[in-house]
Amino acid sequence: MIQLSTRHTFGLSSCAQAEVVLSSLEQVVAWCKQPRDHFYILGGGSNSIFVEDYPGCIVQVALRGIELTEREDSWQLRVAAGENWHQLVAWSIEQGINGLENLALIPGTVGAAPIQNIGAYGREVADFIAMVDAVEIGSGKPLQFSNQACQFGYRDSVFKQQWANRCLVTAVTFELPKQWQAQINYAGLDTLDKPDAATIFAKVIRVRQQKLPDPAVQGNAGSFFKNPVVDAQVFNTLQHDFVSIPHYVQADGQIKIPAAWLIDQCGFKGQTRGGVICHPNQPLVLANNGSAKGDDVVAFAREIRDTVWNRFAILLENEVRLVGRHGLITL
Ligand SMILES: Cc1cc2nc3c(=O)[nH]c(=O)nc-3n(C[C@H](O)[C@H](O)[C@H](O)COP(=O)(O)OP(=O)(O)OC[C@H]3O[C@@H](n4cnc5c(N)ncnc54)[C@H](O)[C@@H]3O)c2cc1C
């Protein structure tokens, strides 16, 4: 049995039956050639909570390496899936390659970054991905996904939809234009005056450290729920009843509502259920008080979802992957 408590940042003491570590492309292809079920590809475990023992195989992609190519107008970075995301961002800034600074301190691996299209402080990784290399599970066939083929959306991609569980990401190629523009139109960064990328990088780290619990100190998996996006008609009705509702108009005219506000309005901030706490500073984060059980997590998340639904008629969707004995659990 493989103990998973140190393998996912929420830190529940669940077990998996077996583990395979793939350290070369040959090993990846050989593993992918066999028809597979009951496996879970695990990066840093920062978007996955093992709420039950998992009677399958954990697959760790330990591919390493960064290839840097200079082009006339851009830098191209081809990065192996097993590299650490934050270390990549720090390294790129040190090299004077700008662009990824707003995405500093997001835990996890490079291979997982395109899966949910990680984003923070007004940027999404989709803005910089040129290509994702993968291997098809079942055939071992190499695959390449262009940015368009990845079908990136808000915390979404083809890898969570048509290609879910059907391919293993081996490398991600980033295209970072040399002509760089700071993105500081975001609370926390908007006080910076003509900053360079290294200043934004340092500021993002400081703000995140103040706002979010460190999983090394208190187990958590970041934002538990996605921010719901509704159409203008739904929003207008809501705003009529809840005048102060915060909101962000999206490029397509839809409205994003902070899930943290909805959860806070329902009085959950700081509340505990079993060993799980709805974080007192950031109610979008559920955290492990040290004694949390998988059942506590699922029950509390369902209670929050149902209460928000009853009050606002908005259905919260979990951003975190909840892994149970039969695979992913839907709330
Ligand atoms: C404190 C904290 C803060 C966070 N802040 C943010 C934030 O600001 N923005 C944000 O977007 N996210 C955030 N997250 C969530 C998380 O860090 C990201 O989703 C990250 O990309 C997960 O990486 P991971 O390697 O830990 O993924 P895991 O949890 O190990 O895996 C996530 C999913 O990707 C799949 N996967 C992983 N690697 C591969 C691969 N090589 N091939 C195919 N599938 C794969 C897994 O099967 C799983 O479905 C935060 C999490 C924490 C704990």
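Refer to the preceding data block for the structure.
Residues numbered from 1 in each chain as written. Predicted model: local features only at pLDDT ≥ 70, side-chain atom pairs only at ≥ 80, totals over all residues. Heavy atoms only, no water.

**With respect to the sheet that holds strand β10 (residues 129–136)**
Here comes step 1: Spatially, the five strands line up as an open sheet ordered β6-β7-β12-β10-β11, and their pairing is antiparallel. Two strands lie at the open edges of the sheet, namely β6 (66–70) and β11 (142–146), each paired on one side alone. Each strand of the sheet is rotated relative to its neighbour by a mean of 15°, with strand direction disregarded.
Here comes step 2: When strand β7 (residues 74–80) meets strand β12 (residues 167–177), the two strands line up antiparallel, connected through seven bridges. Residue pairing across strands places W75 opposite L176, the latter belonging to β12.
Here comes step 3: In this fold helix α1 (residues 25–33) packs onto β10 and β12, with an angle of close to 135° to the strand it touches most, β12. (Pairing = 2+ DSSP bridges. Helix = DSSP H or I, 4+ residues; strand = E, 2+ residues; numbered from the N terminus. Axes fitted to C-alpha atoms, helices over the stretch in contact; angles between N-to-C directions. Contact = heavy atoms within 4.5 Å.)

**Re the pattern of salt bridges**
Here comes step 1: Evaluated as defined, the whole model comprises ten salt bridges.
Here comes step 2: Salt-bridge contacts for K178 lead to E70; the nearest nitrogen and oxygen are separated by 2.6 Å. Taken as a pair, K178 in the loop between β12 and α3 (197–211) and E70 in strand β6 lie far apart in primary sequence, 108 residues in all.
Here comes step 3: Given the relative accessible area of 34%, K178 is considered partly exposed.
Here comes step 4: With relative accessibility at 53%, the residue E70 sits in the exposed group.
Here comes step 5: Between D306 and R305 there is a salt bridge, with the nearest N and O atoms lying 2.9 Å from each other.
Here comes step 6: Judged by its relative accessible area of 36%, D306 is partly exposed.
Here comes step 7: Via salt bridges that share partners, E67, R78 and D133 belong to a single interconnected network. (Salt bridge = Lys/Arg side-chain N within 4 Å of Asp/Glu carboxyl O. Buried < 20%, exposed > 50% of the residue type's maximum accessible area, 1.4 Å probe, protein only.)

**Topic: the packing of helix α2 (residues 85–94) against α3**
Here comes step 1: At a minimum axis distance of 10 Å, the contact between α2 and α3 shows a crossing angle of 150°. If you check the angle between α2 and α3, you find them roughly antiparallel. The chirality of how α2 crosses α3 is left-handed. Contacts between α2 and α3 pair H86, V89, A90 and I93 from the former with A197, A198, F201 and I205 from the latter.
Here comes step 2: Here the contact of α2 with α3 is built from residues that sort into seven nonpolar, one polar and no charged. (Parallel < 35°, antiparallel > 145°, perpendicular 65-115°, else oblique. Left-handed = near helix turned anticlockwise from the far one by under 90°. Nonpolar A, V, L, I, M, F, W, Y, C, P; charged D, E, K, R; others polar.)

Bear in mind that shape data such as this cannot, by itself, settle questions of function.
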